[in-house]
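# Structural characterization, general
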Amino acid sequence: MSNLSEHEIRRREERAKLEDLDVDPYPPQGWEVTAHAADVLAGFDDAKHQPNEDGEAKETWRVSLAGRMMSKRVMGKAAFFDLQDESGTIQVYIRRDDLPEHYYNQVFKKLLDIGDVVGVEGFAFRTRMGEVSIHVERFELLAKSLRPLPVVKEVEGQVYNEVTDKEFRYRQRYVDLVVNPHVREVFRKRARLIATLRHFLDARGYLEVETPVLQPLYGGAAARPFTTHHNALGMQLYLRIADELYLKRLIVGGFDGVYEIAKDFRNEGLSRFHNPEFTMLELYVAYKDYAWMMDLVEEMIEHVARELHGTPDVQVGDHAISFARPWKRIPLFEAITEKTGHDLYGKDRAALAAAAEALGLEIDETMGAGKIIDEIFGEFVEPHLIQPTFITDYPVELSPLAKKHREKEGLVERFEVIVGGKEICNAFSELNDPEDQRRRFEAQARLAAAGDVEATREIDEDYLRALEYGMPPTAGLGVGIDRLAMMMTDQASIRDVILFPLLRPEAPAPATAKEEAAAEAEP
RNA sequence: GAUCCCGUAGCUCAGUUGGCAGAGCAUCUGACUUUUAAUCAGAGGGUCCCAGGUUCGAGCCCUGGCGGGAUCACCA
């Protein structure tokens, strides 16, 4: 108990006093909610609902709400407090003489705090100061709060004592959500974003499926996996880095359009743009190619922007971005030529390395031709692509699962969408030639053997077997949902669109003590 | 993994040249039946992230560590 703050000690004492007064701090029953704060504020009609001098209204509007007490202003025998529910905040007026004997003096005034969850029932009215409020006639404590909640105040748009500490906000997201209304709005938008994508795809008849998170072989992307172990089977498993290879098995199986909104896991560093677990939309449609997929992506993302903002124009950081169709489409090598003056198409590794060095990039021996092109693009082109842009036709060595280009030697039919200088989509005509696919896997295995930690070492024989049965020509798409959410909600960090981003654990004192004891016991 | 910045009361933050650890809000006591950052009078509250070092004396200087942020590296 000694490590509790004065506030925490006092609230525990209050809890005990409540129980002494037969007020259950955690009553078992619910509370009938007939209205939310925002409904009352929006629906209050002075002509109908406002009581006159005698307390009579043409039409008394009785409401019952539940939520958290966010402030408390006691003025002797009456008090005001702010009640926050999921919709917003409304002021509540509470009088001693409207409540059961002694409840106001002994319970409400003395034992209830900011942060407590309460139910109120009463009628809506407008105070002398002009604020629509609830005049309480029935009041109940629904859950006692034992920790002090940060108190944030807002006056005429000016916010005081706003909780801004990132660590506090991410570790205690529940508090962040309580005290920062704009954070709740970000996650509502994210939910709407995903729902909109799902409806868009469902409306076109594509089937939403679920594929394994735990995979005996990982593939479908270049990344290091997390590993885990299944006890009963005694086998190592990987958390998926992509669901691509399973979804294409389903195309082989005869579903002509499948998608999954999946958590993927990549064992990489953390940054403003990377969380080790993240959400990806993958879509595969049979009998289509990447050109068709570009049309679909444009339509889908514009639709999302309109659903979330009512317009295809979205402010992202310093940029006013328009998702209105059509978007610019430019082949990768043309884009590079445009920005750097170097035409790199068809050049061998030595020529590419020379160009890169002429541009001031550092090149080392381990970088292949594809990697050098990728570096040049990432450095000189990608950051300048602010409006949505399709970059098309990538080098084959960067794309082991994409079909070779129908005309351009050494390229594949692939595109990425760049917005605000960041990739948000990756798509291609899927490689369905099993023998070509085997050669690509073998090339990856050689890279892995040569020390590339992100190349897939093992060949997925079952995937090749599936392709050998015959996969229709197929267009595939991957959309980074977190990064799309960052744009659509104008957040600069991926942690601000993930409810519980990965952080290092808070150092728990007991563990430290245990370790010290173990260390002392060792010699 | 590297570099830079940050860590002080429940929250937001000051803290002088190294010299008794502060403010606002929150909390507590009292007053107040339409207040609204309610007000008025009074009061309490600190592992200054942790561990060492320098010093008569460290929130402040030095070393190491922990945690967070930004940039970079990494990242189909």
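Relevant structure appears above.
Fair warning: this is a prediction, and the values are worked out from it, not measured in the lab. (Residues numbered from 1 in each chain as written. Chains lettered and ligands numbered in written order. Predicted model: local features only at pLDDT ≥ 70, side-chain atom pairs only at ≥ 80, totals over all residues. Heavy atoms only, no water.)

Moving on, we come to the overall build of chain A. Of the regular secondary structure elements, chain A holds 16 helices and 20 strands. Its C-alpha radius of gyration of 30 Å places chain A more than 25% over the 24 Å reference for a compact globule of 523 residues. Here chain A holds 523 residues, and 46% of them are scored as buried. Taking as baseline every contact in chain A between residues at least 6 positions apart, the subset at least 24 positions apart corresponds to 64%. Per element, the accessible surface of chain A, about 26900 Å² overall, is 50% carbon and sulfur. Positive and negative side-chain charges of chain A, numbering 65 and 93 respectively, have mean locations separated by a distance of 3 Å. (Helix = DSSP H or I, 4+ residues; strand = E, 2+ residues; numbered from the N terminus. Rg over C-alpha atoms; globule rule 2.2 N^0.38 Å. Buried < 20%, exposed > 50% of the residue type's maximum accessible area, 1.4 Å probe, protein only. Contact = heavy atoms within 4.5 Å. Areas by Shrake-Rupley, 256 points an atom, 1.4 Å probe, with all protein chains shown as cover. Lys, Arg positive; Asp, Glu negative; His and termini not counted. Charge placed at Lys NZ, Arg CZ, Asp CG, Glu CD.)

By the secondary structure assignment, Pro-148 is in the loop between β5 (132-143) and β6 (153-155). Setting aside its immediate chain neighbours within four residues, Pro-148 contacts His-7, Glu-8 and Arg-11.

Counting across every chain of the model gives 45 salt bridges. The partner of Arg-73 in a salt bridge is Asp-82, and the shortest N-O contact between them spans 3.6 Å. A single network of salt bridges, built from pairs that share partners, joins Arg-10, Arg-11, Glu-14, Asp-113, Asp-116 and Lys-144. (Salt bridge = Lys/Arg side-chain N within 4 Å of Asp/Glu carboxyl O.)

On to the nonpolar core. Counting residues in each nonpolar core, the largest one holds 48 residues, and the members touching the most others are Val-297 and Met-488. Looking at this core element by element, the count peaks at ten residues for helix α9 (residues 290-309). In contact with Val-297, other than residues within four places in its own chain, are Trp-327, Phe-390, Phe-415, Val-417, Cys-425 and Leu-477. In terms of nonpolar packing, the next biggest core, distinct from the first, is built from 39 residues, Leu-344, Ala-353, Ile-373 and Tyr-463 among them. (Core = buried A, V, L, I, M, F, W, Y, C linked by side-chain atoms within 4.5 Å.)

Here we take up helix α13 (residues 434-449). If you check α13, its first and last C-alpha atoms are 22 Å apart, about what 16 residues at 1.5 Å a residue would give, namely 22 Å. Within the sequence span of α13, burial applies to Pro-434, Asp-436, Gln-437, Arg-440, Phe-441, Gln-444, Ala-445 and Ala-448. The N-terminus of α13 is capped by Asp-433, whose side-chain oxygen sits 2.9 Å from the backbone nitrogen of Glu-435. Immediately downstream of α13, the backbone of Gly-451 shows phi near 110 degrees, a positive value. (Expected span 1.5 Å × (residues − 1). Polar contact = N/O pair within 3.5 Å; in protein donor to acceptor, adjacent residues only side chain to side chain.)

With seven of seven residues buried, strand β20 (residues 474-480) is to be regarded as a mostly interior element. Burial of β20 is two-sided: the residues Thr-474, Gly-476, Gly-478 and Gly-480 facing one way and the residues Ala-475, Leu-477 and Val-479 facing the other way are all buried. Looking at chain direction, strand β13 (residues 277-286) and β20 are connected through seven bridges and run antiparallel. When the sheet's bridge partners are listed, Ala-286 is paired in β20 with Thr-474. (Pairing = 2+ DSSP bridges.)

The next subject is the sheet that holds strand β16 (residues 328-331). An order of β8-β12-β13-β20-β19-β18-β17-β16 is seen for the eight strands of this open sheet, with the pairing classed as mixed. Of all the strands in the sheet, just β8 (207-208) and β16 have a single pairing partner and so form its edges. Across nine bridges, strand β12 (residues 257-265) lies against β13 in antiparallel orientation. Within β13, the position partnered with Phe-265 by the bridge is Glu-277. Along the sheet, helix α10 (residues 332-340) makes contact with β16, β17 (389-395) and β18 (411-419), crossing β16 at roughly 90 degrees. (Axes fitted to C-alpha atoms, helices over the stretch in contact; angles between N-to-C directions.)

The next point concerns the packing of helix α7 (residues 181-203) against α9. Contact pair α7 / α9: the axes reach a minimum separation of 10 Å and the direction vectors enclose 140 degrees. Classed by the angle they form, the pair α7 and α9 counts as oblique. Note on packing geometry: the crossing formed by α7 with α9 is right-handed. Two secondary-structure elements touch here, α7 through Lys-189, Arg-192, Leu-193, Thr-196, Leu-197, Phe-200 and Leu-201 and α9 through Leu-296, Glu-299, Met-300, His-303, Val-304, Glu-307, Leu-308 and His-309. Within the contact of α7 with α9, the residues separate by chemical class into eight nonpolar, three polar and four charged. (Parallel < 35°, antiparallel > 145°, perpendicular 65-115°, else oblique. Left-handed = near helix turned anticlockwise from the far one by under 90°. Nonpolar A, V, L, I, M, F, W, Y, C, P; charged D, E, K, R; others polar.)

Near RNA strand B, the surroundings consist of 58 residues, among which Glu-6, Gln-91, Asp-97, Glu-167 and His-274 are the closest. Separating a base oxygen of RNA strand B from a side-chain N or O atom of Arg-73 is a distance of 2.8 Å. One of the side-chain N or O atoms of Glu-423 is found 3.4 Å from a sugar or linking oxygen in RNA strand B. Contributing elements (two or more residues each) for the surface near RNA strand B: α1 (6-20), β1 (62-75), β2 (78-85), β3 (88-95), β6, α5 (166-171), β18 and β19 (422-429). Across the surface near RNA strand B, the residue classes tally to 21 nonpolar, ten polar and 27 charged. (Near = heavy atom within 4 Å.)

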